[in-house]
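Understanding the architecture of this molecule
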Amino acid sequence: MNDGTNIPDRAAPRKLRIATASLAGCFGCHMSFLDIDERILELTKFVEFDRTPLTDIKDIGACDIGIIEGAVCNAENVRVLREFRRHCKFLVAIGACAVNGGLPALRNHIPLADLLTGVYRDSPDNGQVIPNDPELPLLLEKVHPLNEVVRIDYFVPGCPPSNEAIWKFLTDLIESRTPRLENELLRFD
Ligand code: SF4
């Protein structure tokens, strides 16, 4: 019997293991994912979560799908992204920041040194000191979309992609279909 979620009933196969991460992003794409609401319970019949902000698991294990929101703006982002690439069969760039740099990439037309000088050293509001704590990850000169750092298997556009787009994408993968998002599922507001 189908319960209306469009995921057909079937004998329980191995669950797909999913990890997610937010790099230089606003967590809006994760929030849109959570907007699938009670369907997340249906999803858990077919998937299990590895490292995600939802599980608080810190280290990623072997996964079927890695979903990354946000662009790559610092050395820590590069480390996490490469770690996901090593551990995930399929890597998914979700949202405009991951797909093409999005809002974080707006800084790319300003040299990094000028940016830090303007935002910190020349700003009384920010203490006129450029932060240099060794715990802070080093900023890259430019912000990059994910595919400029590692190979990406799927791109889900939108800012954020709608919950319906994320649901359609995931259920296509669960059902071993090539994910396909019709125009009406795409939005950029
Ligand atoms: Fe936030 Fe939009 Fe970037 Fe997603 S794509 S992380 S919603 S700014």
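Up top you'll find the structure we're talking about.
So, a few notes on the structure that sits alongside this text.

**Focus: the overall build of the chain**
Along its length, the chain carries six helices and seven strands. For the chain, the sequential pattern of α-helices and β-strands runs β-α-α-β-β-β-α-β-α-α-β-β-α. Along the first, second and third principal axes, the C-alpha set of the chain runs to 65 × 35 × 30 Å. Within the chain, the proportion of its 189 residues that are buried is 44%. For the chain, long-range pairs separated by at least 24 residues make up 76% of all intrachain contacts whose partners lie at least 6 apart in sequence. Averaging the positions of the 21 positive and the 28 negative side-chain charges in the chain gives two centres separated by 6 Å.

**Things to note about the site of the ligand**
The environment of the ligand is formed by Gly-25, Cys-26, Gly-28, Cys-29, Glu-69, Gly-95, Ala-96, Cys-97, Gly-158, Cys-159 and Pro-160. Every element with two or more residues in the shell around the ligand is listed here: helix 1 (28–34) and helix 4 (96–100). Of the residues assigned to the shell around the ligand, the class counts are six nonpolar, four polar and one charged.

**Thoughts on a nonpolar patch on the surface**
On the surface, Phe-27, Met-31, Leu-34 and Leu-54 cluster together into a nonpolar patch covering about 350 Å² of accessible area. Tracing the backbone shows Leu-34 in helix 1.

**Brief notes about the sheet that holds strand 7 (residues 154–156)**
Whenever strands of a sheet pair, they do so through backbone hydrogen bonds, lying parallel or antiparallel. Here we have five strands laid out as an open sheet, ordered 2-1-3-5-7, and parallel in their pairing. Each end of this open sheet is capped by a strand with a single partner; those strands are strand 2 (47–49) and strand 7. Strand-to-strand twist across the sheet, computed as the mean angle between neighbouring axes with direction ignored, equals 25°. As judged from the six bridges shared by strand 3 (residues 63–69) and strand 5 (residues 88–94), these two strands associate in the parallel manner. Directly across from Ile-67, in strand 5, lies its bridge partner Val-92. Packed on one face of the sheet, helix 3 (residues 75–87) meets strand 1 (16–22), strand 3 and strand 5 and runs near 135° to strand 5.

**Observations regarding the nonpolar core**
Formed by 20 residues in total, the largest nonpolar core has its most connected members in Ile-18, Phe-33, Leu-43, Val-47, Ile-67 and Leu-170. For this core, the secondary-structure elements that each account for two or more residues are helix 1, helix 2 (39–43), strand 2, strand 3, strand 5 and helix 6 (163–174). Sequence-distant contacts of Leu-43, that is, excluding residues within four places in its chain, are made with Phe-33, Ile-36, Phe-49, Trp-167, Leu-170 and Ile-174.

**Structural notes on the pairing of strand 3**
Among the seven residues of strand 3, seven are classified as buried, and the element is accordingly described as predominantly covered. Across five bridges, strand 1 lies against strand 3 in parallel orientation. Residue pairing across strands places Ala-21 opposite Ile-68, the latter belonging to strand 3.

**Focus: unusual backbone geometry**
Here the residue pair Cys-159 and Pro-160 is connected by a cis peptide bond, since its omega of -10° sits within 30 degrees of zero. Position of Pro-160 among the secondary structure elements: in the loop between strand 7 and helix 6.

**Side note on helix 6**
For helix 6, built from 12 residues, the straight-helix expectation of 16 Å at 1.5 Å per residue is met to within 8% by its first-to-last C-alpha distance of 16 Å. Within the span of helix 6, buried status applies to Asn-163, Ala-165, Ile-166, Trp-167, Phe-169, Leu-170, Thr-171, Asp-172, Leu-173 and Ile-174. Positive backbone phi, at 60°, marks Ser-176, one or two positions downstream of helix 6.

**Considerations on the environment of Tyr-154**
Here Tyr-154 lies in strand 7. C-alpha separation for the pair Tyr-154 and Phe-169, spaced 15 residues apart in sequence, amounts to 9.6 Å. Aside from chain neighbours lying at most four places away, what touches Tyr-154 is Phe-90, Leu-91, Val-92, Ala-93, Phe-169, Leu-173 and Pro-179.

Calculation rules
- Sequence order sets the numbering: in each chain, residues are counted from 1 along the sequence as written.
- Only residues with pLDDT of 70 or above have their local features reported here, since the model is predicted, and side-chain atom pairs are shown and tallied only from 80 upward, although totals for entire chains, interfaces and linings are computed over all residues.
- Side-chain numbers here rest on the full set of heavy atoms in the structure, without hydrogens or water.
- Secondary structure elements follow DSSP: runs of H or I no shorter than four residues count as helices, runs of E no shorter than two count as strands, and numbering proceeds from the N terminus.
- The buried label applies to any residue whose accessible area, calculated with a 1.4 Å probe on protein chains only, is under 20% of its type's maximum; exposed applies above 50%, and partly exposed to all values in between.
- Between two residues, a contact is recorded if the distance between any of their heavy atoms is within 4.5 Å.
- Only four residue types enter the charge count, namely Lys and Arg as positive and Asp and Glu as negative; His and the chain termini do not.
- For this purpose, a charge sits on NZ of Lys, CZ of Arg, CG of Asp or CD of Glu.
- In this text, near means that some heavy atom of the residue lies within 4 Å of the molecule or strand in question.
- Gly falls in the polar group here, along with every residue not listed as nonpolar (Ala, Val, Leu, Ile, Met, Phe, Trp, Tyr, Cys, Pro) or charged (Asp, Glu, Lys, Arg).
- Residues enter patches when their relative accessible area tops 30% and they take part in no salt bridge; the joining distance is 9 Å for like charges and 5 Å for the nonpolar side chains Val, Leu, Ile, Met, Phe, Trp and Tyr.
- Where accessible areas are quoted, they stem from the Shrake-Rupley method and a 1.4 Å probe; at the residue level, only the protein chains shown are allowed to cover.
- Salt bridges are defined by distance alone: a side-chain nitrogen of Lys or Arg within 4 Å of a carboxyl oxygen of Asp or Glu.
- Pairing between two strands requires that DSSP report at least two bridges joining them.
- For every element, the axis is a line fit to its C-alpha atoms; helices are fit only across the contacting stretch, and the angle between N-to-C directions ranges from 0 to 180 degrees.
- We define the nonpolar core as a collection of buried residues of types Ala, Val, Leu, Ile, Met, Phe, Trp, Tyr and Cys that are connected through side-chain atoms lying within 4.5 Å of one another.
- A helix is expected to span 1.5 Å multiplied by its residue count minus one.

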